[in-house]
Amino acid sequence: MKRLAGIPASRGICIGPVFQFIRQELVVTDCKVDDPQKEIERLNAAIGAAKEQISKIYEKALTEASQADAEIFQAHLMILEDPEMLSEVRKKIESRKCSAESAMKETAQAFSDMMAAMKDEYFAARATDILDVGNRVLRVLMGVAESPTANLKTPSVIVADDLTPSDTVLLDKSLVIGFCTARGSATSHTAILARGLGIPAVAGVGESILNSCNASQIILDGTNGEAILDPDQAMVKDYEQRIQTARTIREASVKHAHEPAVTIDGRHLEVVSNIGNVEGARSSIENGAEGVGLLRTEFLYLERSSLPTEEEQYQAYKAILDVFGNLPVILRTLDVGGDKEIPYMGLAAESNSFLGQRALRLCLVRPDIFKPQLRAALRAGVGRNLKIMFPMVATASEVRAARKVMDECIAELRKENIPFAENIEIGIMVEIPSAALVADQLAKEVDFFSIGTNDLSQYTMAADRTNPKVADLSNAFFPAVLRLIRDVISAAHKEGKWVGMCGELAGEPLAAPILLGLGLDEFSMNPPMVPVVKQILRNLNAQEMQALAEQALQLESPQEIQQLVKDKVPFIAELV
Ligand code: PEP
Ligand code: MG
């Protein structure tokens, strides 16, 4: 038995066999052929098959992932239709009498190197795409399976270094019961995917996990961030019991998913969702979310090779807003930088990117990025209940600057006679300690706050949220973070503004009584948690939770605070 500690990336527990996700290395030897014409025919057939594969993934990505994910594959198709590269491969086969494999490999590498040498982030991204496509053709030529998961036949825990969006598109999600990654973080693509699917994930457990054997048993505890390899019988029994209890509670909560969350003493809490694409939107409705507390728009910008146009963004936002009808949807403007890199934006490397020109800071100096997004959002909001929110606000002057850009967009749209949503509510994320400390000033500038506990914890505790070594410090249950939350809520309420929370803490069962006691108005979380948090809130008395919250804030550690909640509200203890 081996216990590995990692970052809790998606809550829940599962027990099952390990499936190692290993990309097979493609070894090509330079051999001579007798019949170059035959090699060219093999090459043409392989290109045709590769194109078919890409078209299928594109379709799959369109329905299962986002438009942005799908576009990666459209770009891949274009590479395979590039006459220059393909004629180079054919020329090599004819002149050197070499195999289709070695001509393809060499040419893809040369074209990719050429792109990379241009020292431009945009072309660097194309370089990776070319290699990806070249490898796809090679796999067809060599008869190697398209995806490392081709042999995944039984429900398993996927163990990997980390997964890319393309890896996950190909994955048969019905056979994945959990993700355990050696690297990665709670905000990595794998973690977000797992939370969307409602299955457990543990990230950053270290490279030793990559030595575990296929089919060996693993317990994954995504709530506490632990992986247990080859557990003994007693351990398995204990975890099976926990899974059963959680399942019973979840099933009970799902029955009432579409009922409102009204506490015993009659307080109605808004329970909404965090999403990043249309799939998340549909899952929100199924799980009874009363709208969206956080639409992460960066997914439209990631994993592609150029900025999305205003029109593309308009279509993408409209498709999401259409799912929600009159329900509120809070669209967060672009939050890149930090751990979210976008190569084609040509952003200069920063020695400390989490403290650098991230999110709103970047948008304020890049109207070429900010304005199309705001215009697209304003246009998509027509006839809908759209609200716009700015991330990473540190000062009141930033809010005024952002509003100014928005006013410019409104004036332009009016002049161009393009319909747009008038008088929409504007809010900010409170996720930097300075914003929390001057929440009284900021509350005068906006209509609402949404507390981002993921960043608020990392900045308050000075603990990088992507670093497994300090994962225990980057925890929103620390009283330092909870006290800031208390002050933010009370400052906003004094100004008559409402406060939501879209950081992970809002979907934490053990945090619900404290947040209710502190007066939080709106809870936003991953769709699968919506029914559970609603059910918890229905069984609490808001008045009584005030005393519990005050008591919690006097304690010293997350463990003490969580124990207090377990003692005072025992039914929640069974959920975790
Ligand atoms: C947060 O920081 O709490 C948040 C919700 O934003 P993100 O995780 O996207 O930084
Ligand atoms: Mg954040």
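Cut-offs and rules
- Residues numbered from 1 in each chain as written.
- Chains lettered and ligands numbered in written order.
- Predicted model: local features only at pLDDT ≥ 70, side-chain atom pairs only at ≥ 80, totals over all residues.
- Heavy atoms only, no water.
- Near = heavy atom within 4 Å.
- Polar contact = N/O pair within 3.5 Å; in protein donor to acceptor, adjacent residues only side chain to side chain.
- Areas by Shrake-Rupley, 256 points an atom, 1.4 Å probe, with all protein chains shown as cover.
- Pairing = 2+ DSSP bridges.
- Helix = DSSP H or I, 4+ residues; strand = E, 2+ residues; numbered from the N terminus.
- Right-handed = clockwise from strand over helix to strand, strands pointing away.
- Buried < 20%, exposed > 50% of the residue type's maximum accessible area, 1.4 Å probe, protein only.
- Expected span 1.5 Å × (residues − 1).
- Contact = heavy atoms within 4.5 Å.
- Axes fitted to C-alpha atoms, helices over the stretch in contact; angles between N-to-C directions.
- Salt bridge = Lys/Arg side-chain N within 4 Å of Asp/Glu carboxyl O.
- Parallel < 35°, antiparallel > 145°, perpendicular 65-115°, else oblique.
- Left-handed = near helix turned anticlockwise from the far one by under 90°.
- Nonpolar A, V, L, I, M, F, W, Y, C, P; charged D, E, K, R; others polar.
- Donors = N, O, S within 2.8 Å, 3.2 Å for Na, K, Ca; no water.
- Core = buried A, V, L, I, M, F, W, Y, C linked by side-chain atoms within 4.5 Å.
- Domains from an automatic or database assignment.
- Buried area = accessible area lost by both parts, 1.4 Å probe.

Taken together, 15 residues lie around ligand 1, and R296, R332, G452, N454 and R465 are the ones closest in. Between an oxygen atom of ligand 1 and a side-chain N or O atom of R296, the distance comes to 2.9 Å. Interatomic distance of 3.5 Å between a side-chain N/O atom of R358 and an oxygen atom of ligand 1. Isolated, ligand 1 exposes 290 Å² of accessible area, and the fraction of that covered by the protein chains is 99%.

Right, let's talk about the pairing of strand β16 (residues 498-501) for a bit. Two faces make up the sheet, and in a regular strand the side chains alternate between them. Here strand β15 (residues 448-451) runs beside β16; their pairing, made up of four bridges, is parallel. Considered in β16, the bridge of I451 is made with M501. Alignment of β16 against strand β17 (residues 522-525), held across two bridges, turns out to be parallel. Bridging from a neighbouring strand, G500 pairs with E522 of β17. With helix α18 (residues 512-518) bridging β16 and its parallel neighbour β17, the resulting β-α-β unit is right-handed.

Take the environment of G134 next. Examined against the element boundaries, G134 turns out to sit in helix α5 (residues 121-142). Assessed through its relative accessible area of 2%, G134 is described here as buried. C-alpha of G134 to C-alpha of R332: the two residues are 198 residues apart in sequence and 37 Å apart in space.

Here we come to helix α10 (residues 310-324). With 15 residues, α10 should cover 21 Å at 1.5 Å per step; its first-to-last C-alpha distance of 21 Å lies within 8% of that length. Every buried residue of α10 is listed here: E310, Q313, Y314, A316, Y317, I320, L321 and F324. Buried residues along α10 sit against β10 (268-275), α9 (278-286), β11 (292-296), β12 (328-332), α12 (367-380) and β13 (385-390).

Below, the discussion takes up the sheet that holds strand β7 (residues 217-221). Strand order in the open sheet formed by eight strands is β1-β8-β7-β3-β4-β5-β6-β2, and the pairing between neighbours is mixed. Each edge of the sheet is formed by a strand with only one pairing partner; in this case those strands are β1 (2-5) and β2 (7-10). Each adjacent strand pair in this sheet contributes to an overall mean axis angle of 30°, direction not counted. Sheet topology places strand β3 (residues 13-20) next to β7; five bridges connect them, and they run antiparallel.

Time to look at the pattern of salt bridges. Taken as a whole, this structure holds 31 salt bridges when the rule is applied. Among the salt bridges present, the one from R195 reaches E504, with a minimum N-O distance of 3.5 Å. Linking R195 in helix α7 (residues 189-197) with E504 in the loop between β16 and α18, this pair joins segments that are 309 residues apart in sequence. Across the salt bridge formed by E311 and R379, the nearest N and O atoms sit 3.1 Å from each other.

Quick look at the packing of helix α16 (residues 453-461) against helix α17 (residues 479-494) now. Remark: α16 packs on α17, axes separated minimally by 9 Å, with the N-to-C direction vectors making an angle of 120°. Looking at the two axes, α16 sits oblique to α17. Considering the relative orientation of α16 and α17, their crossing is right-handed. Where α16 abuts α17, its residues T453, L456, S457, T460 and M461 lie against A480, V481, L484 and I485. Residue composition of the contact of α16 with α17, by class: six nonpolar, three polar and no charged.

Moving on: helix α8 (residues 233-255). In an α-helix, one full turn covers 3.6 residues, which means residues spaced three or four apart are oriented alike. For α8, which comprises 23 residues, the first-to-last C-alpha distance of 33 Å matches the rise-based estimate of 33 Å (1.5 Å per residue) to within 8%. Taken as a whole, α8 has its buried residues at M235, V236, Y239, I243 and S253. Those residues of α8 hidden inside the fold are in contact with β1, β3, β7, β8 (226-229) and α19 (530-538).

Around a metal, the idealised angle for a tetrahedral arrangement of four donor atoms is 109.5 degrees; for an octahedral arrangement of six donor atoms it is 90 or 180 degrees. Taken together, the protein donors to the magnesium ion (ligand 2) comprise E431 (OE) and D455 (OD), at separations of 2.0 to 2.1 Å. Within this pair, whereas E431 is found in the loop between β14 (425-430) and α14 (433-437), its partner D455 is found in helix α16, the two being separated by 24 residues in sequence. An identical accessibility class is assigned to E431 and D455; each is buried.

Turning our attention to the environment of N352. With respect to the helices and strands, N352 occurs in the loop between β12 and α11 (360-365). Note on N352: relative accessible area 43%, which makes it partly exposed. With 14 residues separating them along the chain, N352 and G338 place their C-alpha atoms 8.1 Å apart.

Turning our eyes to something else, we now look at the pairing of β10. Across the eight residues of β10, six count as buried, placing the element largely inside the fold. The pairing of strand β9 (residues 261-262) with β10 spans two bridges and is antiparallel. Residue pairing across strands places A261 opposite L269, the latter belonging to β10. Counting the residues in the hairpin turn of β9 and β10 gives five residues, including G266, whose phi is positive at 85°. Relative to β17, β10 is paired through four bridges, and the arrangement is parallel. Paired with S273 across the two strands is M525, which belongs to β17. Relative to β11, β10 is paired through three bridges, and the arrangement is parallel. The residue bridging N274 from the neighbouring strand is L294, located in β11.

This brings us to the nonpolar core. Ranked by size, the top nonpolar core spans 106 residues in total, and within it I388, F390, F449, I485 and L537 carry the most contacts. Setting aside residues up to four positions removed in sequence, F390 forms contacts with T333, L360, F370, L374, A402, M406, I426, G427, I428 and M429. Counting residues in hydrophobic clusters, the runner-up holds 34 residues, among them I54, I57, A100 and I130.

By domain assignment, the protein chain separates into domain 1 (2-23 + 148-235), domain 2 (36-142) and domain 3 (266-549). A straight line from the C-alpha centre of domain 1 to that of domain 3 covers 28 Å. Between domain 1 and domain 3, the buried area comes to about 1100 Å², and carbon and sulfur atoms account for 61% of it. Counting the contacts that link domain 1 with domain 3 gives two salt bridges.

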